[in-house]
Amino acid sequence: MKKKIPPNLRSVLFYHVVDRLPPSASQPVAKDRALAELVGADVALTAPLSAERSVVISSLTAAVRAALAGARVAKLTFADGRELECAVELNEKGDASFTLPEGTFRYVSADLHSSDAHVRRRRLETMFAEAPLAAGEELAWLALSDSRTLDDREISDIFGSVGDTPEALADAIAASRKLDVDNLMPDGRLYYDRLVAPFQLDAPFRGYVAGALADFRASQLSRHPERALRRIAFSGLTRSLAPFELLENIEDASIEGLLKAEDPYSLLFGFHLVSVRADRSGMVALGEAFLEKLFLDPVRSLGRRQLFTGCAAISLAWARRKARAGDAPAYWVRLAALAHAGVLTDARIEATDPEAFAQWAIENFGVEQLWATSMERQEAPRWSPELLSEVHLRADLNAQAMLAIQNMPSGGQVASWSKIVEGEAVSDLASRPLGLLIYPGPLDDFGPPLNAVELAEWETPPGGATTLLGLLDALPFCAKIGQPSAATIDRLIGILTAERDFVPDDLDRYLTALNAVADMSAAGRSVRLSDAVLDRCTTLIRQKDAQERIPYLLSIAVTACSACEDRKAYRDRFGAFFTSTAFRLDDETDLSTLRQIIDHMLVAERRMAPELGRARLIAAYKLRRAP
């Protein structure tokens, strides 16, 4: 093919095809040097001149070197193929300014093109200080730059590496006028590895936190303490993720810098750090400042929570796919997704209507978020995406602030802090259930086992209810605060067995109760209770009145399947339920709904294709035969 098609035409055809791919696919393909060489296309390497304008690096190198030689005019070739002559100027810092018809653009990385190794190193060190890479990456680039002049490919790769950092993404998001998945969710593992730390396949959550995450944070702190602290704050979603020992030597002024944060968990992280330094000068006032920003500015506080909720919906729906982390543990995906949600919140707080954004995000990504996270319930049975609603978010922030104060040494608690936090709790609980304050936080379900919960203790009167609807007020609360006791499991199995063929008049309320029982079967790893829940789902899913509620029933079933601690048993149970459901359904709308849900789940978790593929084929076959 290369011999028959002229080189210039091969390049045109290659980039014509690339331009028609979605951005998430076109960008990595366009940068794939091996693929371009395979088809015989010339790869035009580009560098950013502004947020919306890129220039071909070879022309940029020529222009910068001409300016270094004293030229005042140079020609630039832009990514879209246009060539323009422009005025060029270098300042004393080594930055180049290009004056074009639409304005003047500053190119701060002109020193990378220098033939002086010291000048190149200085620029690289500045770039890495602003947007750190892993230690090994930085050392490799510095060693290469010290040894010789950088070529166009290497300069392009440096820009690509620095662009895959939270700092660079935040700048791009803040300036972007377009919000979609391709802009909001970085492609590839490197970004997420630099935000948290690379995952380890066999490491449990606490082992990861004490090992890979601690080592990663220590390495960053040793080289770029200010940037490292900011990244740690994004991932400091709970007190157990705050590395107090690592941060013992961090300056108080650096912690004060976190007051500029606009994502709620970074502000909470700042308060956690202050709470262990309360005896130092100025720390009481700094703690008050963090709490006031978190809780006492109603409009801004609400906006932060709403924006974070919307960003979390997008991030949780897409993180595993965008990070290409199909085999990653559920805890790593959630940690990376929620840390990234903090980056997005912090970047967009001034440019976005929080309420409108949250509504848009839930409407467009809520279904994907639901099924992406439901596929992880087997690893994390106590958590579900509704725990990141604005209401739950407020309660979690308040509960964690309370815990920070309670963990202070006896007699060392600060009255002004307690007043703010307790006042927030009182105002929050005036219209919300008490249980919200002790529901699991973003990563609490990966912690140590919980105490057994006796359902009877939360009933009024205790032990009086004999039906599932009679337990409706107590069940959702008990489902989240701990593991059901053996007596509670036996009692619920008895109720569900007695109601096996019962079709309630108020199906919505009944499903709320059944969903809570499914949560309890998963939290308690009770396969017997899971069987009882799946039996009820099987009965209800065939009812004509349940047609609009099939997604909810399937979600309940997925949760109940998560009771299996063994991964193979879970997958077998999962596949068997969906296959039997596909056999039982005959209505065309029901079958279409089932197939759409399976498609959502397969996008989120491709490893379940063998278990879900049969159910999907059955549904597709029945739909083809439908009149």
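Each remark here, short or long, concerns the structure printed above.
Structural notes, computed from the coordinates. None of the values given here were measured: they were computed from a predicted structure.

Looking at unusual backbone geometry
Next, step 1: Non-glycine residue Arg324 carries a positive phi angle of around 50 degrees.
Next, step 2: Phi at Arg525 is positive, roughly 50 degrees, even though this residue is not glycine.
Next, step 3: Residue position: Arg525 is located in the loop between α23 (507-523) and α24 (527-541).

Some points on the pairing of strand β4 (residues 83-90)
Next, step 1: Where strand β3 (residues 73-77) lies against β4, 5 bridges are found, and the strand directions are antiparallel. For Thr77, the partnering residue across the bridge sits in β4 and is Glu83.
Next, step 2: Counted between consecutive antiparallel strands, the loop separating β3 from β4 contains 5 residues, among which Gly81 sits at a positive phi close to 95 degrees.
Next, step 3: Where β4 meets strand β5 (residues 96-100), 4 bridges bridge the pair, whose relative direction is antiparallel. In the sheet register, Leu90 faces β5, and the bridge partner there is Ala96.
Next, step 4: In this structure, the hairpin formed by β4 and β5 is closed by a connection of 5 residues, where Gly94 is found at a positive phi of approximately 90 degrees.

Things to note about empty space enclosed by the protein
Next, step 1: Counted according to the given criterion, the structure contains 7 cavities of 30 Å³ or more.
Next, step 2: Taken as a whole, the largest cavity encloses approximately 130 Å³ of empty space.
Next, step 3: Looking at the largest cavity, it is lined by 15 residues, and the ones nearest its centre are Arg320, Ala372, Glu376, Ala604 and Glu605.
Next, step 4: Per-class residue counts for the lining of the largest cavity are 8 nonpolar, no polar and 7 charged.

Re the side chain of Ser254
Next, step 1: Tracing the chain through its elements places Ser254 in helix α13 (residues 252-257).
Next, step 2: On the basis of relative accessible area, Ser254 is assigned to the buried category, the value being 9%.
Next, step 3: The residues touching Ser254, leaving out its near neighbours within four places in the chain, are Glu226 and Leu229.

Overview of the packing of aromatic side chains
Next, step 1: Summed over the entire model, instances satisfying the criterion amount to 14 aromatic pairs.
Next, step 2: Judged by centre distance (5.1 Å) and plane angle (65 degrees), the ring pair of Phe199 and Trp332 falls under edge-to-face. In this pair, Phe199 sits in the loop between α10 (189-195) and α11 (205-223) while Trp332 sits in helix α17 (residues 330-348), placing the two residues 133 residues apart along the sequence.
Next, step 3: Among the residues examined, Trp332 registers a relative accessible area of 1% and is labelled buried.
Next, step 4: Aromatic pair Phe574 and Phe578: ring centres 5.1 Å apart, planes at 15 degrees, arrangement stacked. Separated by 4 residues within a single helix, Phe574 and Phe578 lie in helix α26 (residues 567-584), roughly one turn from each other. Accessibility classification places Phe574 together with Phe578 in one group, the buried group.
Next, step 5: Here the aromatic residues Phe205, Tyr208, Tyr331 and Phe446 are joined through ring pairs into a cluster of three or more.
Next, step 6: In this structure, Arg82 packs its charged tip against the face of Phe78, placed 5.5 Å from the ring centre.

A short note on the sheet that holds β4
Next, step 1: What the 4 strands build is an open sheet, ordered β3-β4-β5-β6; its pairing is antiparallel. Only two strands of the sheet have a single partner each, and these edge strands are β3 and β6 (103-107). Geometrically, the sheet is characterised by an average inter-axis angle of 40 degrees between neighbouring strands, direction not taken into account.
Next, step 2: Contacts between helix α4 (residues 57-68) and the sheet are confined to β3, β4, β5 and β6, with β3 contributing the most and set at about 170 degrees to the helix.

With respect to α24
Next, step 1: Here α24 contains 15 residues, and its C-alpha end-to-end distance of 20 Å stays within 8% of the 21 Å for a straight helix at 1.5 Å per residue.
Next, step 2: Along α24, 11 of the 15 residues are buried, which leaves the element largely enclosed by surrounding structure.
Next, step 3: Among all positions in α24, only Leu529, Ser530, Ala532, Val533, Leu534, Arg536, Cys537, Thr538, Thr539, Leu540 and Ile541 are buried.
Next, step 4: Lining the buried residues of α24 we find α22 (486-498), α23, α25 (550-561) and α26.

Topic: the pattern of salt bridges
Next, step 1: Taken as a whole, this structure holds 32 salt bridges when the rule is applied.
Next, step 2: Close ionic contact of Arg277 with Asp252 constitutes a salt bridge, the shortest N to O distance being 2.5 Å. With Arg277 in the loop between α14 (264-275) and α15 (283-296) and Asp252 in helix α13, this pair connects stretches of sequence that are 25 residues apart.
Next, step 3: Residue classification places Asp252 among the partly exposed residues on the basis of a relative accessible area of 23%.
Next, step 4: With a closest N to O distance of 2.5 Å, Arg616 and Asp599 form a salt bridge. With Arg616 in helix α28 (residues 609-625) and Asp599 in helix α27 (residues 588-604), the pair connects residues that are 17 residues apart, well separated along the chain.
Next, step 5: Each of Asp182, Asp187, Lys322 and Arg324 takes part in a single network of salt bridges with overlapping partners.

Conventions and cut-offs
- Residues numbered from 1 in each chain as written.
- Predicted model: local features only at pLDDT ≥ 70, side-chain atom pairs only at ≥ 80, totals over all residues.
- Heavy atoms only, no water.
- Helix = DSSP H or I, 4+ residues; strand = E, 2+ residues; numbered from the N terminus.
- Pairing = 2+ DSSP bridges.
- 1 Å grid on protein atoms, 1.4 Å probe; cavity = no way out; pocket = protein on both sides within 12 Å on 5 of 7 lines; lining within 4 Å.
- Points joined across faces, edges and corners; volume = space filled by probe spheres on them.
- Nonpolar A, V, L, I, M, F, W, Y, C, P; charged D, E, K, R; others polar.
- Buried < 20%, exposed > 50% of the residue type's maximum accessible area, 1.4 Å probe, protein only.
- Contact = heavy atoms within 4.5 Å.
- Phe/Tyr/Trp six-rings, centres within 6.5 Å; stacked < 30°, edge-to-face > 60°.
- Lys NZ or Arg CZ within 6 Å of the ring centre and 35° of its normal.
- Axes fitted to C-alpha atoms, helices over the stretch in contact; angles between N-to-C directions.
- Expected span 1.5 Å × (residues − 1).
- Salt bridge = Lys/Arg side-chain N within 4 Å of Asp/Glu carboxyl O.

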